[in-house]
Amino acid sequence: MKKAFAFGVREMEAAVRRVNALRTAAVIGAGTMGRGIAADLLRKTGLHVVLLDVRPEAMREARETLAARWAAEVKAGRLREADARALEARLSCASSYDDLRECDIIWEAATERAEIKAAIFRSIEAAVDPDRLAAVFSNTSSHTTGELAVLFSVESFREKLLTVHGYFPFESNRLLDVMKGPYASAETFALGVVFGEQLLEKTVIALPRDHHGYLTDPIFQAMAAIVSWDVRAGRDLLDLGAVWELFTANPFNVLDRTGHMPYTESGRHLGQALPDGDRLASLYRRDGRAYPEWIARLESSGRTGVSSAGRCGFFQWGGEGAPAPQGVYDPASDAYAPLSEPSRRDFWSWYEAAERDSRAGRIRSAESIVFVAQHDDAGGRAFRRYILPIMLYALDLIQDGFATPGQVNVCTRAGLRFKTGLIEAIDALMAHLTIDGLLQLIRRARDENADDPFMREMLDADGECGPRRGRPCLLHDLRRRRIESLLGYGRFYGTPVAELDLESGSYRPCCGELRLYEPSSRDRVASVVFNHPMRGNVFNRALIDQLAHAFAHVLEMHRAGRCGAVCFTAVGEGMRLLGADAREFNRGWFERDKGYCPLSEEEAAASSRNAVRLFRLIQRSPVASIGIFGEKWGGGAEFTYYLDLRYDLRLSGTVFDPVTRTSQWMLKTTYNQPELHYAILPGFGAAAELRRLGLGDSVIFELFDQGLTADRAHQVGLSNAVFDDELEALMRGYERARQMAKDPPWSRALFKKELARTADDEQLARETGETFNPRKNPYISTGLLRLLDRSARAPQMNYEVNGVELPGWRYPSDAAFTPVRTEVSP
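The structure presented is a predicted model; accordingly, all values stated were derived computationally and were not measured. (Residues numbered from 1 in each chain as written. Predicted model: local features only at pLDDT ≥ 70, side-chain atom pairs only at ≥ 80, totals over all residues. Heavy atoms only, no water.)

**Remarks on empty space enclosed by the protein**
At step 1: Inspection of the entire model under this criterion finds 7 cavities of 30 Å³ or more.
At step 2: Space inside the largest cavity adds up to approximately 110 Å³.
At step 3: In terms of lining residues, the largest cavity is bounded by Met1, Phe7, Gln198, Glu201, Arg515, Val529, Thr569, Ala570, Val571, Gly572, Met575 and Leu730.
At step 4: Broken down by class, the residue content of the lining of the largest cavity amounts to 7 nonpolar, 3 polar and 2 charged. (1 Å grid on protein atoms, 1.4 Å probe; cavity = no way out; pocket = protein on both sides within 12 Å on 5 of 7 lines; lining within 4 Å. Points joined across faces, edges and corners; volume = space filled by probe spheres on them. Nonpolar A, V, L, I, M, F, W, Y, C, P; charged D, E, K, R; others polar.)

**Things to note about helix H2 (residues 32-44)**
At step 1: For H2, built from 13 residues, the straight-helix expectation of 18 Å at 1.5 Å per residue is met to within 8% by its first-to-last C-alpha distance of 18 Å.
At step 2: Where burial is concerned, most of H2 is hidden: 12 out of the 13 residues are buried.
At step 3: Buried residues of H2: Met33, Gly34, Arg35, Gly36, Ile37, Ala38, Ala39, Asp40, Leu41, Leu42, Arg43 and Lys44, and no others. (Helix = DSSP H or I, 4+ residues; strand = E, 2+ residues; numbered from the N terminus. Expected span 1.5 Å × (residues − 1). Buried < 20%, exposed > 50% of the residue type's maximum accessible area, 1.4 Å probe, protein only.)

**Side note on the sheet that holds strand E25 (residues 721-723)**
At step 1: Across the sheet, which stays open at both edges, the 6 strands sit in the order E15-E16-E17-E18-E20-E25 with mixed pairing between neighbours. The sheet is open, and its two borders are formed by strand E15 (514-517) and E25, each paired with just one other strand. On average, each strand axis in the sheet is tilted by 15 degrees relative to the strand beside it, whichever way the strands run.
At step 2: As judged from the 4 bridges shared by strand E18 (residues 624-629) and strand E20 (residues 645-649), these two strands associate in the parallel manner. Residue pairing for E20: Ile626 is matched across the bridge by Leu645.
At step 3: Set on the sheet, helix H21 (residues 541-559) makes contact with E15, strand E16 (525-530) and strand E17 (565-570); between it and E15 the angle comes to about 5 degrees. (Pairing = 2+ DSSP bridges. Axes fitted to C-alpha atoms, helices over the stretch in contact; angles between N-to-C directions. Contact = heavy atoms within 4.5 Å.)

**Comments concerning the packing of aromatic side chains**
At step 1: Across all of its chains, the model carries 33 aromatic pairs by this definition.
At step 2: On the basis of an interplanar angle of 90 degrees and a centroid distance of 5.2 Å, the ring pair of Phe568 and Phe639 is categorised as edge-to-face. Taken together, the residues Phe568 in strand E17 and Phe639 in helix H23 (residues 635-641) connect sequence positions 71 residues apart. Here Phe568 and Phe639 have matching classes, each one buried.
At step 3: Aromatic ring contacts, followed pair by pair, group Phe530, Phe539, Phe568, Phe615, Phe629, Phe639, Tyr642 and Phe684 into a single cluster.
At step 4: Just above the ring of Phe170 sits the side chain of Lys202; from NZ or CZ to the centre is 4.3 Å. (Phe/Tyr/Trp six-rings, centres within 6.5 Å; stacked < 30°, edge-to-face > 60°. Lys NZ or Arg CZ within 6 Å of the ring centre and 35° of its normal.)

**Things to note about the nonpolar core**
At step 1: Core analysis: the biggest nonpolar cluster contains 104 residues, and Phe247, Phe383, Met391, Leu475 and Leu486 have the highest contact counts within it.
At step 2: When near neighbours in sequence (up to four residues on either side) are disregarded, Leu486 contacts Leu395, Ile398, Pro405, Ile423, Ile426, Asp427, Met430, Leu474, Leu478, Glu499, Leu500 and Tyr507.
At step 3: Core analysis: the next-biggest nonpolar cluster, separate from the first, contains 75 residues, Met33, Leu41, Val194 and Leu200 among them. (Core = buried A, V, L, I, M, F, W, Y, C linked by side-chain atoms within 4.5 Å.)

**A few points about a nonpolar patch on the surface**
At step 1: On the surface, Phe585, Phe590, Tyr596, Tyr678 and Ile680 cluster together into a nonpolar patch covering about 570 Å² of accessible area.
At step 2: Mapped onto the elements, Ile680 comes out in the loop between strand E23 (669-672) and helix H24 (686-692). (Patch = residues over 30% accessible without salt bridge, like charges linked within 9 Å, V, L, I, M, F, W, Y side chains within 5 Å. Areas by Shrake-Rupley, 256 points an atom, 1.4 Å probe, with all protein chains shown as cover. Salt bridge = Lys/Arg side-chain N within 4 Å of Asp/Glu carboxyl O.)

**Section: the side chain of Thr144**
At step 1: Tracing the backbone through its elements, the reader meets Thr144 in the loop between strand E5 (135-138) and helix H6 (145-149).
At step 2: Assessed through its relative accessible area of 9%, Thr144 is described here as buried.
At step 3: From its side chain, Thr144 meets the backbone nitrogen of Glu147 in a polar contact 3.1 Å long.
At step 4: Ignoring sequence-local partners within four residues, the contact set of Thr144 consists of Thr163, Met179, Asp210, His211 and His212. (Polar contact = N/O pair within 3.5 Å; in protein donor to acceptor, adjacent residues only side chain to side chain.)

**As for the pairing of E20**
At step 1: Extensive coverage of E20 is indicated by the burial of 5 of its 5 residues.
At step 2: The two faces of E20 match: Leu645, Tyr647 and Leu649 on one face and Arg646 and Asp648 on the other face are all buried.
At step 3: Strand direction decides the pairing type here: E20 and E25, joined by 3 bridges, are parallel. Note that in E25 the partner of Leu649 across the bridge is Phe723.

**A short note on the pairing of E16**
At step 1: Counting buried residues along E16, 6 of its 6 residues qualify, which places the element largely inside the surrounding structure.
At step 2: As defined by bridge partners, E15 adjoins E16 across 4 bridges and the pair is classed as antiparallel. Within E16, the residue paired with Leu514 across the bridge is Phe530.
At step 3: Between the parallel elements E16 and E17, the chain passes through H21 in a crossover that is right-handed. (Right-handed = clockwise from strand over helix to strand, strands pointing away.)

**So, the packing of helix H9 (residues 216-228) against helix H16 (residues 378-399)**
At step 1: Where H9 meets H16, the closest approach of the two axes is 10 Å, and the angle between their N-to-C directions is 150 degrees. Considered as vectors, H9 and H16 are oriented roughly antiparallel to each other. The hand of the H9/H16 crossing is right-handed. On the side of H9, the interface is formed by Pro218, Ile219, Ala222, Ile226 and Val227, while H16 contributes Arg385, Tyr386, Pro389, Ile390 and Tyr393.
At step 2: Tallied by class, residues from the contact of H9 with H16 come to 9 nonpolar, no polar and 1 charged. (Parallel < 35°, antiparallel > 145°, perpendicular 65-115°, else oblique. Left-handed = near helix turned anticlockwise from the far one by under 90°.)

**A word on unusual backbone geometry**
At step 1: The residue after Phe168, namely Pro169, is reached through a cis peptide bond having omega -15 degrees.
At step 2: Looking at the element boundaries, Pro169 is found in the loop between strand E6 (161-166) and strand E7 (175-179).
At step 3: Positive phi is not limited to glycine here, since Phe7 has a value of about 50 degrees.
At step 4: As for its position among the elements, Phe7 is in the segment before helix H1 (10-20).
At step 5: Judged by relative accessible area, which is 5%, Phe7 ranks as buried.
At step 6: Despite not being glycine, Arg524 shows a phi value in the positive range, around 60 degrees.
At step 7: By relative accessible area, Arg524 is classed as buried at 7%.

**Focus on the pattern of salt bridges**
At step 1: Counted according to the given criterion, the structure contains 72 salt bridges.
At step 2: Residues Arg444 and Asp376 are paired through a salt bridge, measuring 2.5 Å at the closest nitrogen-oxygen approach. Taken as a pair, Arg444 in helix H18 (residues 422-448) and Asp376 in the loop between helix H15 (366-373) and H16 lie far apart in primary sequence, 68 residues in all.
At step 3: With relative accessibility at 27%, the residue Arg444 sits in the partly exposed group.

**Focus on the sheet that holds strand E19 (residues 632-633)**
At step 1: With mixed pairing, the 3 strands of this open sheet are ordered in space as E19-E23-E24. Both edges of this open sheet fall to E19 and strand E24 (708-709), since each of them pairs with a single strand only.
At step 2: Here 2 bridges tie E23 to E24, and the two strands are oriented antiparallel to one another. When the sheet's bridge partners are listed, Tyr671 is paired in E24 with Leu708.

Shown next, in the form of structure tokens:
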């Protein structure tokens, strides 16, 4: 969305106003990351973008890359040629810092080298008025905000500097780090978070405290670094690097795609700057080196990845279109060797884990991780040598107060694309082995590596040696307090929905696929925002778990009188909401050569039963609900049928006309039910709900066979309002929710009960009598005073429900709809 919205959160309102006042952003550095940032700013915001680089060839390549991107989107029908020209017109290229005078935000993405950053910051100070500037962002992989802020000589610039860091490829990776540090003002920090979450539509990890490399980068950096010191031959890059394929991709493959410069420069900086108490410091301080000599050899010879002149780095790359590895670097010969798979005999546990996952329809599961961790083959030993130290480091981040368990888990899932988040894996090991068993596994790893002093220190869980001497790892504290997991898990599919608050010992909502904004006392409106636009906000298993948990929290707030209505909406262009995740219709990975691997009837039935059970709870609850969306498909459209009101966004796009066999720019359908075309049914209840909403067979067939535009949906009574502008739709929808939240719980509950039954005149008379009984309806006195004494100030309504029996409604006691709670010692 090109504008921000506060969702009734007073603490966010000032930042939203400042974000919406922005007009121009500058990006310094036209390399891979700078181009990605510029593309995202142009595509997702209405800002004019100034791209600055002192290298003419970099500017030329950036312009060509962006022009090719817009041309591809025109060809794909996502843009018109006029739209592409408008995007190009909003981009200015500059070589002088004087061209940044009118910029509201400056985003430095040029280098990791501190001396070059210092020169850039001096140039900014000389050219830009700090009073006009809203913020300066630095896209650094290893520096802290404090280290960079002091490169400015003027306090007014320091208080506007944040480190704001995205991940490759920036425009298609959903994670964004925003770190405040010791100098930035609270106002600047709030602006950075709102800018990242709402304009760039990212999953933001907001860190008030400084930490080298945020959370994700030091983990990713260490994934490669911890293996690199053991690489002697090309097979080692393949065999040892492949241990991370239990979670995600081989890190050396990823580094070749991003280029080595951020990795090597970060390694040098971390070697100098990491505090002595950092568990991973020794990875960057061995024999006077920040990384092994063979990596320095690649760097000095220009073999730095797929974009280098020879298209080689850790791997040799080839192929047209999407490049693919053709060979692997062999440090012993300084040449490239053929690719090979890890030995099935030596790494048996990896292959067996993959087979188990395949049979169970899982992908890189926590169960596989637990299986491999305990085995005595080369695969198990590699896991214990390379992965357990990184797990201990993640626990250090939590123990030292730099991060929460949910933040570490989300950053590994969203930024590093782990199939099982790092904290989920730790929880699985604790659940299977117990905490004592996990400590024994770490000690076993320490003993297996007793001849390596660096590994022995990194594997110290008991505070006996190395950087963490005197500080036993977090597992000891968890055992003492009888805490069994760092995350809380959904009751339907067991995916993460909550995180441990280490200080209080309680669990709080933490959802990667959606955001929950709690209601203000003024408005009493909660907002649930679907927050995975790169997948179209699809209804996968994780989202069902998170939505159930979030709505359970909404019901808790309703019972306490804090919440009377909930707004549902989605981030992303056009506020898109897709249906059930097609990837989950297949057991495990979909492989084209193998074809469709069907779910069992029980699994398919459960996907329908769980979603409908949740949607029905939302529908029948006394919490007023409104959906504010644009394009809706399948189960996404079905979800909205269960809500009290539907506000729609009018959308245009390229639509194929089957009569003329041409694509035309026209109004798009915003309600779409394509299931019949794919030989499936609308498993979330569309047919019955559309009938309940009063649509006749003809309109229902129209919806299923061709879809409904927003205007057509409004015409037939499915939509309650239609808007051209996303921000206006949100403002109007939120205000409608605010008015609905004023309804006392008794009357809202009784009204929904009456809607759900056929006419019964005698029952209606009895319920009317009960409504006027203040012992049953404690809200009646205040409500009627509002009606009868209009000249006086309306009395304050007490909306609490505790002890009140609402007609036709019981708060669910089913564990599927209650927030995770674990009683622990603080």
